[in-house]
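The residues making up each chain are set out below.
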Amino acid sequence: MPRKDAALAVTVAVVWGVNFVAAAIAMESLPPLLFAALRFTLVAIPAVFFVRPPGNGWATVVGCGAAMGVGQFGLLYTALAWGMPAGLASLVLQVQTVFTVVIASLWLRERPTAYQLSGIAVGLAGMAIIGAKHVAVAPILPFLMTMGAAAAWALGNVLTRRRPPRDGFSLVVWSALVSPVPLLALSLALEGPERDWAALGQLTPRPLVALAFVTYGASMVGYGLWNLLLSRHAASTVAPWSMLVPPVGSIAAYVYNGEQPGVLGLVGGAVVTVGVLMALGVRLGVRRQGVRRPDPPRRRPAIKPPGL
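Bear in mind that the values here come from a model prediction, so they are computed numbers and not experimental data.

## Notes on the overall build of the protein chain
And then number 1: Across its full length, the protein chain holds 14 helices and 0 strands.
And then number 2: Starting at the N terminus, the α and β elements of the protein chain follow one another as α-α-α-α-α-α-α-α-α-α-α-α-α-α.
And then number 3: Expressed as a percentage of the 308 residues in the protein chain, the buried residues total 53%.
And then number 4: In the protein chain, of all internal contacts separated by at least 6 residues, the share reaching a separation of at least 24 is 91%.

Structure representation (structure tokens):
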């Protein structure tokens, strides 16, 4: 990858890593489900009036919006509001790669190799280590909700693989149109209209700036650059750059509120990273052995990294 494109990949990782802290800042003032509804409203409008539909069928668009909008971010933001550390959340979401491989093998008959299966086992072992670390200091429910968010994201990935869109950005915009109403309904039912109205009436510039960063930085700029890289390089070349997201997220969380991963967190993070790379099919020494892997078709979407 040329240095210019490598710099773009690093930019995406930084934006997505900081995104977790930005979401935590916004939810100091906004209930999590209301925050998610506002995010996807701003992603969809006014962009939906200028971006043509993704062309992969309304069932896929609705399914992706429900899975990655309502499921992933409804669970993730609620978990953050209920005590899931932002830096740890950026790492746990990496397990979506493992879930994607499993769901794709069951639904799309995309059989993983023995090497990928080993990566899945390693990744799950890393999650167990992180879970043990988290349970020692915090309730288990936010951790399980973050795992559920990763599974929902994986489902959206498989739906996208099943019916590839015209381009990734159009799917981001149009699927975002699906999410606000269900998220707002859940917010009114679970968080209460009084809390929602009070939060909206007391907004200050700080949560508004965080909301803008999450909406336009993480979603628009982040995915715009990521899709540009996927149009230029093989998915196997681009996808591993997502491994930079958890370290950036951990650094941002430490700067923001002094969050420290601890020994178990570091060990578990290292194990998860190895497992995810194996699940992606990344092998050390492939180039040295002179083995050339064929590039996947460009129109076939890659596994999307965490930090939306």
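## Focus: the pattern of salt bridges
And then number 1: Per the stated rule, a full pass over the model turns up 1 salt bridge.
And then number 2: Among the salt bridges present, the one from Arg206 reaches Glu28, with a minimum N-O distance of 3.4 Å. Placement of Arg206 in helix 11 (residues 205-232) and of Glu28 in the loop between helix 1 (3-26) and helix 2 (32-44) is noted, with a sequence separation of 178 residues between them.
And then number 3: Assessed through its relative accessible area of 48%, Glu28 is described here as partly exposed.

## Structural notes on the nonpolar core
Inside soluble globular proteins, nonpolar side chains tend to come together where they are buried.
And then number 1: Ranked by size, the top nonpolar core spans 74 residues in total, and within it Phe35, Leu76, Tyr77, Leu80, Met84, Val92 and Ile130 carry the most contacts.
And then number 2: Look past the residues within four positions of Phe35 in its chain and what remains in contact with it is Ala23, Ala26, Met27, Leu30, Tyr77, Leu211 and Val214.

## Section: the environment of Val173
And then number 1: Relative to the helices and strands, Val173 resides in helix 8 (residues 168-176).
And then number 2: In sequence terms Val173 and Val43 are 130 residues apart; their C-alpha atoms lie 6.2 Å from each other.

## Focus: helix 5 (residues 96-107)
And then number 1: With 12 residues, helix 5 extends 16 Å from end C-alpha to end C-alpha; this agrees with the ideal 16 Å at 1.5 Å per step.
And then number 2: For helix 5, the full list of buried residues reads Gln96, Thr97, Val98, Thr100, Val101, Ala104 and Ser105.
And then number 3: Directly after helix 5, the chain includes Arg109, whose backbone phi takes a positive value near 60 degrees.

## Some points on the confidence of the model for the protein chain
And then number 1: On average, residues of the protein chain score 81 in pLDDT, and 84% of them reach the 70 mark or higher.
And then number 2: Contacts of residues 284-293 to residues separated by more than four positions or lying in other chains number 3 contacts, the stretch itself having pLDDT below 50.
And then number 3: Taken as a whole, residues 298-308 scores under 50 in pLDDT and shows 51 contacts with residues more than four places along the chain or in a different chain.

## So, unusual backbone geometry
And then number 1: Residue Pro46 follows Ile45 across a cis peptide bond; omega there is 10 degrees.
And then number 2: Tracing the backbone shows Pro46 in the loop between helix 2 and helix 3 (58-81).

## With respect to the packing of aromatic side chains
Geometrically, a pair of aromatic rings is defined through the distance of the ring centres and the angle of the planes.
And then number 1: Scanning all chains against the criterion turns up 4 aromatic pairs.
And then number 2: Here the aromatic cluster, defined as three or more aromatic residues joined through ring pairs, consists of Phe35, Phe40, Phe73 and Tyr77.
And then number 3: Over the ring of Phe40 we find Arg39, and its NZ or CZ is 5.4 Å from the ring centre.
And then number 4: Cation over ring: Arg39 sits above Phe73, and NZ or CZ is 4.3 Å from the ring centre.

## Concerning the packing of helix 1 against helix 13 (residues 245-257)
And then number 1: In contact at an axis separation of 7 Å, helix 1 and helix 13 are set at 40 degrees when each is read in the N-to-C sense. Taken together, the axis directions place helix 1 and helix 13 in an arrangement best described as oblique. Where helix 1 crosses over helix 13, the two elements pack in a sense that is right-handed. Facing Ala13, Val14, Trp16, Gly17, Val18, Phe20, Val21 and Ile25 of helix 1, the residues of helix 13 in contact are Val245, Val248, Gly249, Ala252, Ala253 and Tyr256.
And then number 2: When the residues that make up the contact of helix 1 with helix 13 are grouped by side-chain class, the tally is 12 nonpolar, 2 polar and no charged.

## Here we look at the environment of Gln72
And then number 1: With respect to the helices and strands, Gln72 occurs in helix 3.
And then number 2: Distance from Gln72 to Ala151, taken between C-alpha atoms, is 7.7 Å for residues 79 residues apart in sequence.

## Thoughts on a nonpolar patch on the surface
And then number 1: A cluster of nonpolar side chains, Val10, Val14, Val18 and Leu244, forms an exposed patch at the surface whose accessible area comes to about 240 Å².
And then number 2: Here Val10 shows up in helix 1.
And then number 3: The partly exposed category is assigned to Val10, whose relative accessible area is 34%.

## What to know about the packing of helix 2 against helix 3
And then number 1: At their nearest, the axes of helix 2 and helix 3 sit 8 Å apart, and the two run at 140 degrees to each other. Overall, the two elements helix 2 and helix 3 adopt an arrangement that is oblique. As for the relative orientation of helix 2 and helix 3, their crossing is right-handed in sense. Two secondary-structure elements touch here, helix 2 through Pro32, Leu33, Phe35, Ala36, Arg39 and Phe40 and helix 3 through Met68, Gly69, Phe73, Gly74, Tyr77, Thr78 and Ala81.
And then number 2: Taken together, the residues of the contact of helix 2 with helix 3 break down into 9 nonpolar, 3 polar and 1 charged.

Rules behind the numbers
- For every chain, the first residue of the written sequence is number 1, and numbering continues from 1 along that sequence.
- Selection of residues for local features in this predicted model requires a pLDDT of at least 70, selection of side-chain atom pairs for listing and counting requires 80 or more, and totals for whole chains, interfaces and linings are taken over all residues.
- Just so you know, side-chain values use all the structure's heavy atoms and leave hydrogens and water out.
- Every helix listed is a DSSP run of H or I at least four residues long, and every strand listed is a run of E at least two residues long, numbered separately from the N terminus.
- Note on exposure labels: buried denotes an accessible area under 20% of the residue type's maximum, exposed denotes more than 50%, and partly exposed covers the range between, all computed with a 1.4 Å probe on protein chains only.
- Residue contacts are defined here by distance: any two heavy atoms, one from each residue, within 4.5 Å place the two residues in contact.
- Salt bridges are identified by distance alone: a Lys or Arg side-chain nitrogen within 4 Å of an Asp or Glu carboxyl oxygen.
- Joining through side-chain atoms within 4.5 Å is the link that ties buried Ala, Val, Leu, Ile, Met, Phe, Trp, Tyr and Cys residues into a set, and such a set is a nonpolar core.
- In this analysis, the expected span of each helix is defined as 1.5 Å times one less than the number of residues it contains.
- Each residue carries a pLDDT score, the predictor's confidence in it, ranging from 0 to 100.
- Whether two aromatic rings pair depends on their centres lying within 6.5 Å, for rings of Phe, Tyr and Trp, where Trp uses its six-membered ring; planes under 30 degrees apart make the pair stacked, over 60 edge-to-face, and the rest tilted.
- We count a charge as sitting over a ring when the NZ of a lysine or the CZ of an arginine lies within 6 Å of the ring centre and within 35 degrees of the ring normal.
- Every axis in this analysis is a line fitted to C-alpha atoms, fitted for helices over the stretch in contact. Angles between the N-to-C directions lie between 0 and 180 degrees.
- For classification purposes, an angle smaller than 35 degrees is called roughly parallel, one larger than 145 roughly antiparallel, one from 65 to 115 roughly perpendicular, and anything else oblique.
- Put simply, a crossing is left-handed when the front helix is turned counterclockwise from the back one by less than a right angle, and right-handed when it is turned clockwise.
- Residues are grouped as follows: Ala, Val, Leu, Ile, Met, Phe, Trp, Tyr, Cys and Pro are nonpolar; Asp, Glu, Lys and Arg are charged; all remaining types, including Gly, are polar.
- Candidate patch residues must exceed 30% relative accessible area and have no salt bridge, after which like charges are joined if within 9 Å and Val, Leu, Ile, Met, Phe, Trp or Tyr side chains if within 5 Å.
- The method behind every accessible area is Shrake-Rupley, applied with a 1.4 Å probe, and residues are considered shielded solely by the protein chains displayed.

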